[in-house]
Amino acid sequence: MVSGVQMLAFMGVVLLAAMVPGPDFIIVTHHAAVSGRRAGVAAGLGIASGVFVWAVVAALGVASLLAASAIAFTVVKLIGAVYLGYLGLKALIGAWRRGEKVQVKAQFTATGAGVAFRQGLVTNLLNPKCAVFFVALMPQFLSSTPHVGETLLLSALAVLVSAVWFSVLANLVGLLKRFFTSPKVRKVLDSVTGTILVAFGIKIALD
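Note that this is a predicted model, so its numbers are computed, not measured.

As for the environment of Thr 29
Alright, step 1. Looking at where Thr 29 falls in the secondary structure, it is placed in helix α2 (residues 23-35).
Alright, step 2. Spatially, the C-alpha atoms of Thr 29 and Ala 170 are 6.2 Å apart, while their sequence positions differ by 141 residues.
Alright, step 3. Beyond its immediate chain neighbours, meaning those up to four positions away, Thr 29 contacts Leu 169 and Val 173.

What follows is the structure in structure tokens.
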């Protein structure tokens, strides 16, 4: 069985990885800033659900096939890059139209919790680096012949850490919703978010 020390070490590594600014961080921050804490937390829970999927498939050896197959890795990578680019362009178009004082329903305009959850989940699942991360991490904390209980325990811990971190992030950003939803700030926020998401998409595609 996994010891208490191993569990704490595993949770620490997952937390550090979650705290590194990336597509997941941007998605949660933007939803919380624009739509409030509820949408931000929903996006975070979507990401945590994606983490659970990657942790389980890595423990079962499925993700290692993705990591080992150049073709499969490239396909997932390109789909993820296109999705991030799509979200980024939507945000940029929303910022441009907002600057033109045209009222539109952009991708990031006051989305509900369901949409936020789906975007968080898809963004995480289409990031092949998550597969590589868990393929490298999980075996370090599992026995040579791990049983289902160990796999589910570590997967649950990864979900717990991710959900707590992104919920805290969403609540902190959500406190400033009134500031972020002013027209001028929203234009800047959409522009910055869109640019970063497009940049992440390009980086993932070329990496």
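So, empty space enclosed by the protein
Alright, step 1. Counted by the stated rule, this structure contains one cavity of 30 Å³ or more.
Alright, step 2. Approximately 30 Å³ is the volume attributed to the largest cavity.
Alright, step 3. Around the largest cavity sit Gly 80, Tyr 83, Leu 84, Val 122, Thr 123, Leu 126, Asn 127 and Ile 204, which together line it.
Alright, step 4. For the lining of the largest cavity, the secondary structure elements donating two or more residues are α5 (70-99) and α6 (113-125).
Alright, step 5. When the residues that make up the lining of the largest cavity are grouped by side-chain class, the tally is five nonpolar, three polar and no charged.

Comments concerning the side chain of Asn 124
Alright, step 1. Here Asn 124 lies in helix α6.
Alright, step 2. Owing to a relative accessible area of 1%, Asn 124 belongs among the buried residues under this scheme.
Alright, step 3. In this structure, Asn 124 is in contact with Asp 24, Ile 47, Gly 50, Val 51, Trp 54 and Cys 130, ignoring residues within four places of it in sequence.

A short note on the nonpolar core
Alright, step 1. Ranked by size, the top nonpolar core spans 46 residues in total, and within it Phe 10, Val 28, Phe 134, Met 138, Leu 154 and Phe 166 carry the most contacts.
Alright, step 2. At the level of secondary structure, the elements contributing two or more residues to this core comprise α1 (4-19), α2, α3 (37-59), α5, α6, α7 (128-141), α8 (148-174) and α10 (183-206).
Alright, step 3. Beyond its immediate chain neighbours, meaning those up to four positions away, Met 138 contacts Phe 10, Ala 55, Ala 58, Ala 59, Thr 151, Leu 154 and Ser 155.

A word on the packing of aromatic side chains
Alright, step 1. Throughout the structure, instances matching the rule amount to one aromatic pair.
Alright, step 2. Judged by centre distance (6.5 Å) and plane angle (55°), the ring pair of Trp 165 and Phe 166 falls under tilted.
Alright, step 3. Overall, the relative accessible area of 18% leaves Trp 165 in the buried class.

Cut-offs and rules
- Residues numbered from 1 in each chain as written.
- Predicted model: local features only at pLDDT ≥ 70, side-chain atom pairs only at ≥ 80, totals over all residues.
- Heavy atoms only, no water.
- Helix = DSSP H or I, 4+ residues; strand = E, 2+ residues; numbered from the N terminus.
- Contact = heavy atoms within 4.5 Å.
- 1 Å grid on protein atoms, 1.4 Å probe; cavity = no way out; pocket = protein on both sides within 12 Å on 5 of 7 lines; lining within 4 Å.
- Points joined across faces, edges and corners; volume = space filled by probe spheres on them.
- Nonpolar A, V, L, I, M, F, W, Y, C, P; charged D, E, K, R; others polar.
- Buried < 20%, exposed > 50% of the residue type's maximum accessible area, 1.4 Å probe, protein only.
- Core = buried A, V, L, I, M, F, W, Y, C linked by side-chain atoms within 4.5 Å.
- Phe/Tyr/Trp six-rings, centres within 6.5 Å; stacked < 30°, edge-to-face > 60°.

Function-wise, these values are silent; they only describe arrangement.
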